[in-house]
Amino acid sequence: NQVGGKSETIPWTAHYGISTLGCTLDATMKFGGFRLHTLFTWQDPRYTNYDNEFVFSDGSTVKIDYTGKYVTGISQVMAELDPSFSWDRYRVWASVRYYSRQYASRTNYAYFNGHFESFAGFDVRFANDSKLSVNLVNVLFQNGVKGTLDIADTIEDPSGLEGYLMSGSYIRPFTVELSYTYRF
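Chemist: Talk me through the overall build of the protein; I want residue IDs and the actual numbers.
Modeler: For the protein, the helix and strand inventory stands at zero helices and 17 strands. The C-alpha radius of gyration of the protein comes to 23 Å, more than 25% above the 16 Å expected for a compact globule of 184 residues. The dimensions of the protein, computed from C-alpha atoms along their principal axes, are 80 × 35 × 30 Å. Counting only residues that meet the buried cut, the protein has 29% of its 184 residues in that class. For the protein, long-range pairs separated by at least 24 residues make up 59% of all intrachain contacts whose partners lie at least 6 apart in sequence. Accessible area of the protein: about 11900 Å², with a carbon and sulfur share of 56%. Side chains of the protein carry 16 positive and 19 negative charges; the gap between the two charge centres is 11 Å.

This is the structure:
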């Protein structure tokens, strides 16, 4: 806060809680060598008791209250679809995950849009103790970000974020991974 033309800062250690209500549905279906795993989660994570009032040397006050706001960096909806097919010593599989909007600020004015993450792979088993795998990351070439934008926590007017360039940690790029596993 500006007091008498000088910047005045009051240090503060946050003590707050997080409450959520949610539901996860998990199902697996098998037909011969085909297996389909699905997962769906809905949750409502919100901050509790997350407020404080600061009194500056000139008597002015600033109140910060994030109580009831969505927790940053956590999606409300997450869905996953994992089909795979196995025959003899071979297995091919895929995985597609969807994460809905993630808030990047505690005021919930800044957010990152939902995004997909995709994976696929092929495994071949050599006897019972070794396996060769080829894994593909970001098969659908999706882009997007996730994370938090702490500087936006003090913005009280969301129009201040219009046209503002934000960035976070990017989802993984397309990658091919080769691995060999030996159990002894």
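Chemist: Explain the sheet that holds strand β9 (residues 77-87) to me, using residue names and the numbers behind them.
Modeler: Within the open sheet, the seven strands sit side by side as β4-β5-β9-β10-β13-β14-β17. Their pairing is antiparallel. With partners counted over all chains shown, the strands left at the sheet margins are β4 (22-31) and β17 (175-182), one partner each. Neighbour-to-neighbour, the strand axes of the sheet open up by a mean angle of 10 degrees, direction not taken into account. Two elements, β9 and strand β10 (residues 90-99), share eight bridges in a ladder whose sense is antiparallel. Residue pairing for β10: Met78 is matched across the bridge by Tyr99.

Chemist: Account for the nonpolar core, naming residues and giving values.
Modeler: Within the largest apolar cluster, eight residues are counted, these being Val3, Tyr47, Tyr50, Phe54, Phe56, Ile64, Tyr66 and Val71. Once you skip the residues sitting within four places of it in the chain, Phe56 turns out to touch Asn1, Val3, Glu8, Ile10 and Val62.

Chemist: Explain the pairing of strand β8 (residues 61-65) to me, and be specific about the residues and the numbers.
Modeler: Sheet topology places strand β7 (residues 51-55) next to β8; five bridges connect them, and they run antiparallel. Bridged to Asp51 within β8 is Asp65. In this antiparallel pair of consecutive strands, β7 and β8, the connection spans five residues, and Gly59 shows a positive phi of 90 degrees.

Chemist: How would you summarise the confidence of the model for the protein if you had to cite specific residues and measurements?
Modeler: Within the protein, residue pLDDT values average 89, and 95% of them lie at 70 or more. Taking the mean pLDDT of every element in the protein, the minimum, 67, falls on strand β16 (residues 169-170) and the maximum, 98, on strand β5 (residues 34-43).

Chemist: Kindly report on the environment of Asn1, identifying the contributing residues and their values.
Modeler: Position of Asn1 among the secondary structure elements: in the segment before β1 (2-3). Sequence separation between Asn1 and Asp157 is 156 residues, and the spatial gap between their C-alpha atoms is 17 Å. The residues contacting Asn1, other than those within four sequence positions of it, are Lys6, Ser7, Glu8, Phe56 and Ser60.

Chemist: Run through the packing of aromatic side chains, naming residues and quoting values.
Modeler: Under the definition given, this model contains 14 aromatic pairs. Arranged with centres 5.0 Å apart and planes meeting at 75 degrees, the rings of Tyr47 and Tyr50 form a pair that is edge-to-face. A relative accessible area of 3% places Tyr47 in the buried class. Plain terms: the ring middles of Tyr98 and Phe116 are 5.0 Å apart, the flat faces sit at 50 degrees to each other, and that makes the pair tilted. Taken together, the positions of Tyr98 in strand β10 and Phe116 in strand β13 (residues 115-126) put the pair 18 residues apart, joining distant regions of the chain. Assessed through its relative accessible area of 28%, Tyr98 is described here as partly exposed. Three or more aromatic residues joined by ring pairs make a cluster, and in this case those are Trp12, Tyr16, Tyr47, Tyr50, Phe54 and Tyr66. Positioned over the ring face of Tyr70 is Arg46, at 4.0 Å from the centre of the ring. Sitting over the ring of Tyr111, Arg101 keeps its end group 3.7 Å from the ring centre.

About the criteria used
Per-chain numbering applies: the sequence of each chain, read as written, is numbered from 1 onward. Per-residue local features of the predicted model are confined to residues with pLDDT of at least 70, and side-chain atom pairs are confined, for both listing and counting, to 80 or more; whole-chain, interface and lining totals are unaffected and use all residues. Hydrogen atoms and water are omitted, and side-chain values are computed over all heavy atoms in the structure. To qualify as a helix, a DSSP run of H or I must reach at least 4 residues; to qualify as a strand, a run of E must reach at least 2; elements of each kind are numbered from the N terminus. Values of the radius of gyration come from C-alpha atoms, whereas the globule rule sets the reference at 2.2 Å times the count of residues to the power 0.38. The buried label applies to any residue whose accessible area, calculated with a 1.4 Å probe on protein chains only, is under 20% of its type's maximum; exposed applies above 50%, and partly exposed to all values in between. In what follows, a contact means two residues having at least one pair of non-hydrogen atoms within 4.5 Å. Accessibility throughout is a Shrake-Rupley quantity obtained with a 1.4 Å probe, and a residue counts as covered only by protein chains that appear here. We treat Lys and Arg as the positive residues and Asp and Glu as the negative residues; His and chain ends play no part in the count. Where a charge sits is defined by one atom per residue type, namely NZ (Lys), CZ (Arg), CG (Asp) or CD (Glu). Strands pair, by our definition, only if DSSP identifies at least two bridges between them. Lines fitted to C-alpha atoms define the axes here, with helix axes fitted over just the stretch in contact, and angles between the N-to-C directions of these axes take values from 0 to 180 degrees. By nonpolar core is meant a set of buried Ala, Val, Leu, Ile, Met, Phe, Trp, Tyr and Cys residues that side-chain atoms within 4.5 Å join together. Along the chain, pLDDT gives the predictor's confidence residue by residue, from 0 to 100. Only the six-membered ring of Trp is used, alongside the rings of Phe and Tyr, when aromatic pairs are assigned; centres must lie within 6.5 Å, and planes under 30 degrees apart are stacked while those over 60 apart are edge-to-face, with the rest tilted. Distance and angle both matter: a charge sits over a ring if NZ of Lys or CZ of Arg is within 6 Å of the ring centre and within 35 degrees of the ring normal.

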